[in-house]
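Reading the structure
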Amino acid sequence: MPGMVVFGRRWGIASDDLVFPGSFELFVRICWWIGTMILYTYHKGHIDCNGRGVLQGYLIGLLVVLALIILSLCAIVYVSAQGTITNPGPRRSIPVLVYLRALLYIPELVWACLGAVWVSDDGKGCDPATVGAVIAAVVASWIILLLTALGVVFVFDPLGNPRSQPAAPEPLGVRDLESSEGTQFFSTARSLAVKVWESRLRLLCCCLPQDESNRTVFSNIAKLFSGFFSDTDLVPSDIAAGLALLHQEQDKMEQSREPSVVVTHSPSSPIAELEKAAHCMRFAAAAYGWPLYIYSNLFTGPCKLSGDCCRSRAAEYEVVGGDNLGCHFSSILHTTGLQYRDFIYVSFHNQIYEIPFFVALDHKREAVLVAVRGTLSLRDVLTDLSAECENLPIEGVSGACYAHKGMCQAASYIYKKLVNDGILNQAFSIAPEYKLVITGHSLGAGTASLLAILLRNSFPTLQCYSFSPPGGLLSKALADYSKDFVVSVVLGKDLVPRLSIPNMEDLRRRILKIVSNCNKPKYRILLQGCWYELFGGDPDDFPTEMDNRRQQELSQPLLGEESLMIGHSSSYQSFASDDSPAHTSTHLPLFLPGRVLHITEDGTCFTEVRYRAEWSNEMAFRSILISPRMLSDHMPDAVLGALNSLTCDRPFSLCPAAVIP
């Protein structure tokens, strides 16, 4: 669980993470040693070429070095496989073994140089097969050394060497965390963590302008990330093991759970909304432009767009930035089936808090339709990650009104465009009897919902269809207010509608609990977890939790492995009880917008997936579900396919067995 402490610093890898890389290198080294032994035995005593003494010494030395490396790797793999994630006691000798393995890189480097010198100077008159074998050995040595260097860079933890360390970790009930020394240490650690995350974001977003507004965004996101990860001592493999265990536990609970309670008193039935939702989802998908169109039409899409791109449209519509070749707009035409004259405004301008959208006349539904694009660029990702709350006072809404900052800013940007620039006035001057409909997917769904809230007082009859919206979007007061005009559509176990800061805190708590209570070594958890994800099986066959195991507590970060092996404290109940004060989120709760229409799989019929749709409660999405489908269910083409499957008029859309009473 804690990062391994070697060479005077903490690393982003634990002492039980060396089983798989060590086993792989051990396999390579054994094969290498066997090949070298065969070569030495074959040429022993009759090497007829220049530098045969150097070659013989090289082969003998290589055999010795490889043997020592193999022995050290065997010890590392064996010791690393001992204990459990939160019990590193049996692995206390790992740092010594790591130092020994690091020392063996020195003779390996020397022998790699010696082999290279022999090949270049004395290997010309030797057997070509021998020369080729030595060259292969030299190249393999350099490749392993290079991979080792890359691995060191990869697991390097910038926060692993704080300037000051507390004297000695003590149990939470003993050590006074409010002391000036402890407070100063953790304050310094948090400040350093914020700077590190901000530097990472700037490096990742080096292509973006480094102006004042973008630096503010980086700083806010860095504070969010550092605050979320600062009070745990987890390494990435711990999180992977926890997710594998949680998936099995959730599947086991789902198998024994009674049917969920469905909202029965809904203003309209799902059937009445499904056709409207399927129609609007085409526009939400069209807003993504040519990337999604090509992805959804791999064979026909490029041919259809190739004739339209780069063609001049001569002021039939207004395009603002980002579509120099016209491919985005051409894909929108193909997806929606509208004509050029039906579009009032199309914007592909994209910055942080400023996302593309278009306004069109939907004559089939007699609506002025505003479609907002979802996440498709790095700028959109930064808008998504600006997840702190921002006040959004709305006239006529009582209670606390706040929302996701990034999407709130994006909705305000589009609101100003629609109202201040007269775009909606232009649309309704052409079709005054039409109603206003707003739609979007993912980031576009959250922005569309907030935009609908902003426009609701001016357009009382507007409707909003929000597909796969983020769970951390609206305060309870705004979520209840939006139920009259917003319909959210969620497919399966989609991660994004369940994604919010409180839900992530709950997921972290559950990972800590299940990992701390697991009695299996990490390598077994990961192996069995991979098998379960690929081939399925009975969750009961895999480790979950130990019964009546003495609870352990998680101390502050960067304190080394011993900080996690603390005695039981009666004041620490966050692992033992879901109702404890520690389980209470420190962030304001946020909810999905409007009424929630949940689409789930209802079995298969002749290899074709069948779906069912039902009204659900927003509280059903207050927990993240671990599943291989948690990302694929979020894709816009998957949502559109599910809606089309539910609304198709095929006479044999049901399995024959399904119509038998």
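The name given to the chain in an unreviewed UniProt entry is Diacylglycerol lipase-beta, with Mastacembelus armatus as the source organism. In its Sequence similarities (unreviewed entry) section, UniProt records this for the chain: "Belongs to the AB hydrolase superfamily. Lipase family." Its UniProt record gives the chain the following Subcellular location (unreviewed entry) comment, quoted word for word: "Cell membrane".

1. Focus on the overall build of the chain
If you tally the helices and strands in the chain, you get 21 helices and 13 strands. Counting over 661 residues, the chain shows a buried share of 50%. Pairs at least 24 apart in sequence give 74% of the contacts found in the chain among residues at least 6 apart. With an accessible surface of roughly 31,600 Å², the chain has 61% of that area assigned to carbon and sulfur atoms.

2. A word on the packing of aromatic side chains
Here the structure, examined in full by the defined rule, presents 8 aromatic pairs. For the ring pair Phe-428 and Phe-459, a centre distance of 5.5 Å and an interplane angle of 25° mean the geometry is stacked. One end of the pair, Phe-428, is in helix H15 (residues 423-430); the other, Phe-459, is in the loop between helix H16 (443-455) and strand S10 (463-467), and 31 residues separate them in sequence. When its relative accessible area of 16% is taken as the criterion, Phe-428 is described as buried. Their ring planes at 45° and their centres at 4.5 Å tell us that Trp-531 and Phe-535 sit as a pair that is tilted. In this pair, Trp-531 and Phe-535 are both assigned in helix H19 (residues 522-535), 4 residues apart and thus about one turn of the helix distant. Neither residue differs from the other here; Trp-531 and Phe-535 are each classed as exposed. In textbook terms, an aromatic cluster arises when at least three aromatic residues are bridged by ring pairs, as seen for Phe-329, Tyr-340, Phe-343 and Phe-358. The residue whose ring lies beneath Arg-101 is Tyr-105, and the NZ or CZ to ring-centre distance is 3.9 Å. One residue, Lys-476, lies across the ring of Phe-591, its end atom 5.3 Å from the ring centre.

3. Here's the deal with the packing of helix H8 (residues 236-256) against H19
Between H8 and H19, the shortest axis-to-axis distance is 9 Å and the interhelical angle comes to 50°. As the angle between them shows, H8 and H19 are arranged oblique. As H8 packs across H19, the resulting crossing turns out to be left-handed. Along its contact with H8, which presents Ser-237, Asp-238, Ala-240, Ala-241, Ala-244, Leu-245, His-247, Gln-248 and Asp-251, the element H19 presents Lys-522, Ile-525, Leu-526, Gly-529, Tyr-532 and Glu-533. Of the residues that constitute the contact of H8 with H19, the class distribution is 7 nonpolar, 4 polar and 4 charged.

4. Some points on unusual backbone geometry
Phi angles above zero are rare outside glycine, and Ser-442 is one such case at about 60°. As for its placement among the helices and strands, Ser-442 is situated in the loop between strand S9 (435-441) and H16. Given the relative accessible area of 8%, Ser-442 is considered buried. A positive phi angle, near 50°, is found at Ser-468, a position not held by glycine. Locating Ser-468 in the fold gives a position in the loop between S10 and helix H17 (476-481).

5. Side note on the packing of H8 against helix H18 (residues 501-516)
The angle between the axes and the distance between the axes are what describe a pair of packed helices. Close contact between H8 and H18 brings their axes to 9 Å; oriented N to C, the two are set at 90°. When the axis of H8 is compared with that of H18, the two are roughly perpendicular. Contacts between H8 and H18 pair Asp-238, Ile-239, Gly-242, Leu-243, Leu-245, Leu-246, Glu-249 and Gln-250 from the former with Leu-507, Arg-510, Ile-511, Ile-514 and Val-515 from the latter. Considered class by class, the residues forming the contact of H8 with H18 number 8 nonpolar, 2 polar and 3 charged.

6. Let's talk about the UniProt feature "transmembrane region" (unreviewed entry) in the chain
Annotation from UniProt places "transmembrane region" (unreviewed entry) at residues 26-43, 55-78, 98-119 and 131-156. With 95% helix and 0% strand, residues 98-119 has its two end C-alpha atoms placed 32 Å apart. In residues 131-156, the share of helix is 96% and the share of strand is 0%. The end C-alpha atoms are 38 Å apart.

7. Focus: H19
Residues separated by three or four positions in an α-helix point in the same direction, a consequence of the helix having 3.6 residues per turn. With 14 residues, H19 should reach 20 Å at 1.5 Å per residue; the first-to-last C-alpha distance of 20 Å fits that figure. The positive-phi residue at the C-terminal boundary of H19 is Gly-536, with phi of around 75°.

8. Focus on the side chain of Ser-141
Tracing the backbone shows Ser-141 in helix H5 (residues 128-155). Ignoring any residue separated from it by four or fewer positions in sequence, one finds Ser-141 in contact with Trp-32, Glu-108 and Ala-112.

9. A closer look at the environment of Ser-412
Examined against the element boundaries, Ser-412 turns out to sit in helix H14 (residues 405-420). In this structure the C-alpha to C-alpha distance between Ser-412 and Thr-447, which are 35 residues apart in sequence, comes to 8.9 Å.

10. A closer look at the side chain of Ser-347
The topology assignment puts Ser-347 in strand S4 (residues 343-347). A distance of 3.4 Å separates a polar side-chain atom of Ser-347 from the backbone nitrogen of His-349.

11. Notes on the pattern of salt bridges
Enumeration over the complete set of coordinates arrives at 19 salt bridges. Across the pair Arg-29 and Glu-25 runs a salt bridge whose closest N-O atoms are separated by 3.2 Å. Here Arg-29 and its partner Glu-25 are both found in helix H1 (residues 19-43), 4 residues apart, which amounts to about one turn of the helix. Side by side, Arg-29 and Glu-25 carry an identical accessibility label, which is buried. A salt bridge links Asp-506 to Arg-510, with the nearest nitrogen and oxygen atoms 3.0 Å apart. Remark: Arg-510 and Asp-506 occur in helix H18; sequence separation between them is 4 residues, near one turn of the helix. Each member of the pair, Asp-506 as well as Arg-510, carries the same accessibility label: buried. Counted as one network, the salt bridges with shared partners bring together Asp-16, Asp-17, Arg-91, Asp-238 and Lys-522.

12. Notes on the pairing of S9
S9 sits mainly inside the fold: 6 of its 7 residues count as buried. Bridge count between strand S6 (residues 367-372) and S9: 6 bridges; the pairing is parallel. Note that in S9 the partner of Ala-371 across the bridge is Thr-439. Each parallel crossover has a hand, and for S9 linked through H16 to S10 it is right-handed.

What counts as what
- Residues numbered from 1 in each chain as written.
- Predicted model: local features only at pLDDT ≥ 70, side-chain atom pairs only at ≥ 80, totals over all residues.
- Heavy atoms only, no water.
- UniProt positions renumbered as here; feature names shortened; annotations may be inferred.
- Helix = DSSP H or I, 4+ residues; strand = E, 2+ residues; numbered from the N terminus.
- Buried < 20%, exposed > 50% of the residue type's maximum accessible area, 1.4 Å probe, protein only.
- Contact = heavy atoms within 4.5 Å.
- Areas by Shrake-Rupley, 256 points an atom, 1.4 Å probe, with all protein chains shown as cover.
- Phe/Tyr/Trp six-rings, centres within 6.5 Å; stacked < 30°, edge-to-face > 60°.
- Lys NZ or Arg CZ within 6 Å of the ring centre and 35° of its normal.
- Axes fitted to C-alpha atoms, helices over the stretch in contact; angles between N-to-C directions.
- Parallel < 35°, antiparallel > 145°, perpendicular 65-115°, else oblique.
- Left-handed = near helix turned anticlockwise from the far one by under 90°.
- Nonpolar A, V, L, I, M, F, W, Y, C, P; charged D, E, K, R; others polar.
- Expected span 1.5 Å × (residues − 1).
- Polar contact = N/O pair within 3.5 Å; in protein donor to acceptor, adjacent residues only side chain to side chain.
- Salt bridge = Lys/Arg side-chain N within 4 Å of Asp/Glu carboxyl O.
- Pairing = 2+ DSSP bridges.
- Right-handed = clockwise from strand over helix to strand, strands pointing away.

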